[in-house]
Amino acid sequence: MLQLNSIFNNLVVVGASRGVGAAVSEHLVSRTNRLISVSRSTSSFGEWVKADISTKQGIEIVRNTVGDSLLDALLYMGGTWESKAFTKNYSFEKCSDEDIENVLLVNLLAPIRLIKSLLPALRKSSNPKIIFMGALSGLDNFPAREVANSASKFGLRGVVHALREELREDRIAVTVINPGNIATPEVLSDLKKAGQSPENAIPLQDLLQVIDCVLSLSRSTCIKEIQIPAMNGKGA
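Here the structure is a predicted model, which is why all the values come from computation and not from measurement.

*Asks:* Tell me what's going on with the side chain of Ser125, and back it up with residues and numbers.
*Replies:* Following the sequence through the fold, Ser125 ends up in the loop between helix 3 (97-123) and strand 5 (129-133). Polar contacts involving the side chain of Ser125 include one to the side chain of Asp72, which spans 2.7 Å. Side-chain polar atoms of Ser125 contact the backbone nitrogen of Asn127, separated by 3.1 Å. Once residues lying within four places of it in the same chain are set aside, the contact partners of Ser125 are Leu70, Leu71, Asp72 and Arg219.

*Asks:* Describe unusual backbone geometry, naming the residues involved and giving the relevant values.
*Replies:* In the Ramachandran plot, Asn141 falls in the positive-phi region, its phi being about 65 degrees despite a non-glycine side chain. Within the secondary structure, Asn141 is located in the loop between strand 5 and helix 4 (147-166). Within the chain, Arg171 stands out as a residue other than glycine whose phi angle is a positive 55 degrees. Examined against the element boundaries, Arg171 turns out to sit in the loop between helix 4 and strand 6 (173-179).

*Asks:* Can you break down the packing of aromatic side chains residue by residue, with the values?
*Replies:* Taken as a whole, this structure holds one aromatic pair when the rule is applied. The lysine or arginine in question, Arg157, covers the ring of Phe154, its NZ or CZ lying 5.4 Å from the ring centre.

*Asks:* Can you lay out the side chain of Thr32 for me, pointing to particular residues and giving the numbers?
*Replies:* Relative to the helices and strands, Thr32 is located in strand 2 (residues 32-39). By relative accessible area, which is 9% here, Thr32 ends up buried. Separated by 2.8 Å, the side chain of Thr32 and the backbone oxygen of Leu28 make a polar contact. Beyond its immediate chain neighbours, meaning those up to four positions away, Thr32 contacts Ile7, Phe8, Asn9, Asn10 and Leu11.

*Asks:* An account of the nonpolar core is requested, with residue identities and associated values reported.
*Replies:* If you look at the biggest cluster of nonpolar residues, it comprises 31 residues, and the most contacted ones within it are Val12, Val38, Ile53 and Phe132. Sorting the residues of this core by element identifies strand 1 (8-14), strand 2, helix 2 (56-66), strand 4 (73-76), helix 3, strand 5, helix 4 and strand 6 as the ones contributing at least two each. Looking at which element gives the most residues to this core, the answer is helix 3, with eight residues. Leave out the neighbours within four places in its chain, and Val12 touches Ile36, Val38, Val62, Val66, Leu71, Ala73, Leu74 and Leu75. Among the nonpolar cores identified, the runner-up in size contains 24 residues, and Val24, Met77, Ile228 and Ala230 belong to it.

*Asks:* Tell me about the sheet that holds strand 2, residues and numbers included.
*Replies:* Across the sheet, which stays open at both edges, the seven strands sit in the order 3-2-1-4-5-6-7 with parallel pairing between neighbours. Each having just a single partner strand, strand 3 (47-50) and strand 7 (225-228) make up the two edges of the open sheet. Recorded for the sheet is a direction-independent mean angle of 15 degrees between the axes of neighbouring strands. Pairing geometry for strand 1 and strand 2, over six bridges, is parallel. Bridging from a neighbouring strand, Val12 pairs with Ile36 of strand 2. The sheet strands contacting helix 2 are strand 1, strand 2 and strand 3, and the helix crosses strand 2 at an angle near 170 degrees. Its contacts with the sheet put helix 3 on strand 1, strand 4 and strand 5, and the angle it makes with strand 4 is roughly 170 degrees.

*Asks:* Which residues make up the environment of Ala230, and what values do they have?
*Replies:* Its place among the elements puts Ala230 in the segment after strand 7. Taking the C-alpha atoms as reference points, Ala230 and Ile131, separated by 99 residues in sequence, lie 20 Å from one another.

*Asks:* Quick rundown of the pairing of strand 7? Include the residues and the values.
*Replies:* Along strand 7, the buried face is formed by Ile226 and Ile228; none of Glu225 and Gln227, which line the opposite face, is buried. As paired elements, strand 6 and strand 7 share four bridges and run parallel to each other. Looking at the pairing, Pro179 lines up with Ile228 of strand 7.

Thresholds, definitions, all that
Residues numbered from 1 in each chain as written. Predicted model: local features only at pLDDT ≥ 70, side-chain atom pairs only at ≥ 80, totals over all residues. Heavy atoms only, no water. Helix = DSSP H or I, 4+ residues; strand = E, 2+ residues; numbered from the N terminus. Polar contact = N/O pair within 3.5 Å; in protein donor to acceptor, adjacent residues only side chain to side chain. Contact = heavy atoms within 4.5 Å. Phe/Tyr/Trp six-rings, centres within 6.5 Å; stacked < 30°, edge-to-face > 60°. Lys NZ or Arg CZ within 6 Å of the ring centre and 35° of its normal. Buried < 20%, exposed > 50% of the residue type's maximum accessible area, 1.4 Å probe, protein only. Core = buried A, V, L, I, M, F, W, Y, C linked by side-chain atoms within 4.5 Å. Pairing = 2+ DSSP bridges. Axes fitted to C-alpha atoms, helices over the stretch in contact; angles between N-to-C directions.

In structure tokens, the structure reads:
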């Protein structure tokens, strides 16, 4: 696995209590002077900050925690989806308005608000990065049925393209990683229940290596999008 030589001053990882966010926090905590782990439930790595980033109050909590410090990177690994998403029982018509609104809040509006609040701290870094966790379902013509989740991930790609232009003079690199199923414990459990092979998921170490690569790039380079389908994944 690619090893980062530098030690980061401050990193913020959103969605750090489980899944990809927890794995990323564990992976980076030993190379970070201060890793701020943001989630609603307890995170085991770094400095845990309890915050619901779907609310303005949650955004303010994160901003106040960072304070006047410089911020080397924001890694937005959080995300949610509709009830019964990715199962045969999913039905767009049966999704509640609250469910749909929450998906759009967490996956799209919250990242926009959080970036806006943390820009002063990112500008202080010598090599600032923003990394979003997108999804293959946000790509053109991907065969996904989950309407709100697909819309939010598609919109996240638009945020990246716009920020690339807006922050060009600041030289803040913005990247969205669009993976298929990542082999977190939760995903592997779901695959087992569905009678599918764990080889249908992307090894977690592969995703971590991609994140390492993005973080290790110089300030002269920006990767806007990275697609990571599983070799046997749908739509790959």
